Amino acid sequence: MISLCVQRLRAVFNGYEVSTTTWFRILCPLLLVVVLTGFGNALDAFAQNELQPLSEAVNPFAKRVDAVATIDGYSDWVTSLAWSPDGESLATGTYEFVKIWNAEQKQIEAELKVPSGFGRSLAYSPDGTLLAAGHYQGIVIWRTSDKKELKQIKGPRGYVTSLAFSPDGSRLAASSEDERVTVWNVSDGELVLQLEGHSYPVQGVAYSPDGKLLASAAGDEDRITRRGELKIWNAESGAELHAFEDHQKAATSVAFSPDGEYLVSTSQDETINVYALAKGKAVGFFGGHSRPTTCAVFGPDSRVVCSGSGGRAKGKNEVILWNCETGETLATIDSHTSKVTSVALAPSGKQLATAGYDRTVAIWNVGQWLLPAESPEEDADSARSTQNVVAARTAEPDDETGESSPQSLRAGIIGLDTSHVIHFTRLLNSPEVRPELAGCRVVAAYPRGSPDIKSSVERVPKYTEQVQEFGVEIVQSIDELIERVDVVLLETNDGRPHLEQVIPVLQAGKPVFIDKPIAGSLADAVAIFDLAEKYDVPVFSSSSLRYTTGALEARDGAAGPVTGCETYSPCALEKTHPDLYWYGIHGVELLYAVMGTGCQTVARTSTESTDVVVGLWDGGRIGTFRGRRSGGGYGGIIFTEKKPLPIGKYQGYEPLLVEIVQFFRSRTAPVDPAETLEIYTFMEAADESKRQGGSPVSLSSVLEAARAEAKQKLETLSLQPAVQ
């Protein structure tokens, strides 16, 4: 515990030289707290960090983005950026000036004089008729049509650090170094609200998309031992609704997602916190940056975040594109030679502007990560071919080399109520697809959803629209889908209809990947694999967590025989499914990726917030899964004969998708069906143990009962399994 406290102290002072005298001054108050509150409690309170990482490392498959334009010629730092709503102009703030560039021609349209200091913050009105700039102790507003100055607003003490127009354009919110947020009427410049309550300079402010909320981020970059502050306010009354101090150091900016579901805040502690507004709390943090994070903006889909960093001697001045739900890193920009001060996304979602202390502005094409890729027109006859033979079974010779190369595969999706379909389609249909994924393209989708699961109902319309923008045809039945494709991705988020949905796919001879959970019950999972054997069609199912770095290497004996493993993951429950099937599957799959098959008994301890499931494997090995209702990250520790090892880094969806495409081509599942069945037996046995008050339950008894139920179900459907 003492060691962990020292690590936390070092993290707080990372990048700073701290003298012996200063260490003494820091540790004395801590020791006093220990004496007054009790040794164990004090150390626990200081060492513990409940907020969990969305992902523990940058995805090695993330691509580096190249600039399409670089604008230099600035004599000082570039401190702010803003795109006009029509995307035709880019405003940039620097010392004493705001420069407006023609976005297409990359030429200056106007130079507007700032009354004092830097153009520290910029914002266009929603209708594009006004441009506001925050500077030292004031705000200036220009009319964009003729660049005429309309008014100056004075009052803030210190710099105006951030500006935000309300969605209807009637109000302008400003954060400032005087620890306040002020809200002004745009029409007459009158003060409407003055939001007080922060203890430090307010560094960022943002309106929610519906205009009902204001969020503000605060912190003092010079007081490195003080936590950052984030507050959410009622935008009409000014009442404080939520206050957070999750950042270890100063918070530097804040941004809402376009759909209003998420809020992110950047910080001197090098992380970006993600808040779920419906829950009113932080659900995790992104830790992929190597320097303090300074700015962030959401992409149009409300899931991809573009964030900038810099301002310390160690690490990179970088911009990273990442998924706010999974932490998956999509792309990186590291060309700025000094601190990145601002990022701004064009209204089209295709271009990202970045600025920094290196006196430059750069524009980057980011549409392939933020928007559905534009797909080439498919051959109509090919797209509608009714042949049932998978193209990957044969190969075509390359005209130049004479070597065989795999034919293209037409993939179809069943179910459009999980974000996996967007990730998979984006990766497979991208113009710059990875070689391992090339030649497999999503061409059709059947948008099945579940009317009794709220998230399914809400997602289907949005995801249907998004996959269509990737060039995917929407069909009205599974039979229609089968006619158009060679392979199938069964993605329905609800596992209950999977057996019914997969039957026509297996009867048609199409290899199928079934996303988690493979089914809504163990009996259905058994029936699926029995039918796959009956029809001689390969089936593969896996969580992407299986391909966390280090898990499979340890299983292969890289550090000696594995003697045990402990994993953890979120474990939200869904009343329609066995407890661990819905989200605990991720951590359980990770456990099995390390341990393999051979679990004999399971015992489960369950509370409202946590599940702990302990499995006894053959040879006396012990595997433990810890699931948490409140979310958090994924990870664990592997015990080997040599030494304990961290389980490694989660790599996002791409490694799994590579395995899926290889499976489609080889028709051999990378995970043995027996192992997949044991994973679901493990989780069903955990439910049975819970029902029995935590008593150990044998997996063999649970599987035997499920096989009997599966046989009866298939008989009812007049579908006899291959093995009785």
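Attention in this report is confined to the structure presented alongside it. (Residues numbered from 1 in each chain as written. Predicted model: local features only at pLDDT ≥ 70, side-chain atom pairs only at ≥ 80, totals over all residues. Heavy atoms only, no water.)

**Observations concerning the overall build of the protein**
Working step 1: Across its full length, the protein holds 15 helices and 42 strands.
Working step 2: The contacts of the protein with a sequence gap of at least 6 include a subset with a gap of at least 24, amounting to 60%.
Working step 3: Split by element, the accessible area of the protein, about 29,500 Å² in all, is 48% carbon and sulfur. (Helix = DSSP H or I, 4+ residues; strand = E, 2+ residues; numbered from the N terminus. Contact = heavy atoms within 4.5 Å. Areas by Shrake-Rupley, 256 points an atom, 1.4 Å probe, with all protein chains shown as cover.)

**A word on helix H10 (residues 522–535)**
Working step 1: Compared with the 20 Å implied by 1.5 Å per residue over 14 residues, the 20 Å span of H10 between its first and last C-alpha is a close match.
Working step 2: Burial within H10 is extensive, with eleven of its 14 residues counted as buried.
Working step 3: Among the residues of H10, those classed as buried are Leu522, Ala523, Asp524, Ala525, Val526, Ala527, Ile528, Phe529, Asp530, Leu531 and Ala532.
Working step 4: Its buried side turned inward, H10 meets helix H9 (498–507), strand E34 (512–514), strand E35 (539–540), helix H14 (673–691) and helix H15 (699–716). (Expected span 1.5 Å × (residues − 1). Buried < 20%, exposed > 50% of the residue type's maximum accessible area, 1.4 Å probe, protein only.)

**What about the nonpolar core?**
Working step 1: Counting residues in hydrophobic clusters, the biggest one holds 102 residues, and the most contacted among them are Val512, Ile660, Phe664, Phe682 and Met683.
Working step 2: The residues contacting Met683, other than those within four sequence positions of it, are Leu580, Tyr581, Ile585 and Val588.
Working step 3: By size, the runner-up hydrophobic cluster in this structure holds 19 residues, among which are Val304, Cys306, Val340 and Trp369. (Core = buried A, V, L, I, M, F, W, Y, C linked by side-chain atoms within 4.5 Å.)

**Side note on the sheet that holds strand E12 (residues 191–196)**
Working step 1: With respect to topology, six strands assemble into an open sheet ordered E7-E8-E9-E10-E11-E12, the strand pairing being antiparallel. The strands lining the two open edges of the sheet, one partner per strand, are strand E7 (121–124) and E12. On average, each strand axis in the sheet is tilted by 25° relative to the strand beside it, whichever way the strands run.
Working step 2: Of the pairings in the sheet, the one linking strand E9 (residues 148–165) to strand E10 (residues 171–176) comprises five bridges and is antiparallel in character. In the sheet register, Ser162 faces E10, and the bridge partner there is Ser175. (Pairing = 2+ DSSP bridges. Axes fitted to C-alpha atoms, helices over the stretch in contact; angles between N-to-C directions.)

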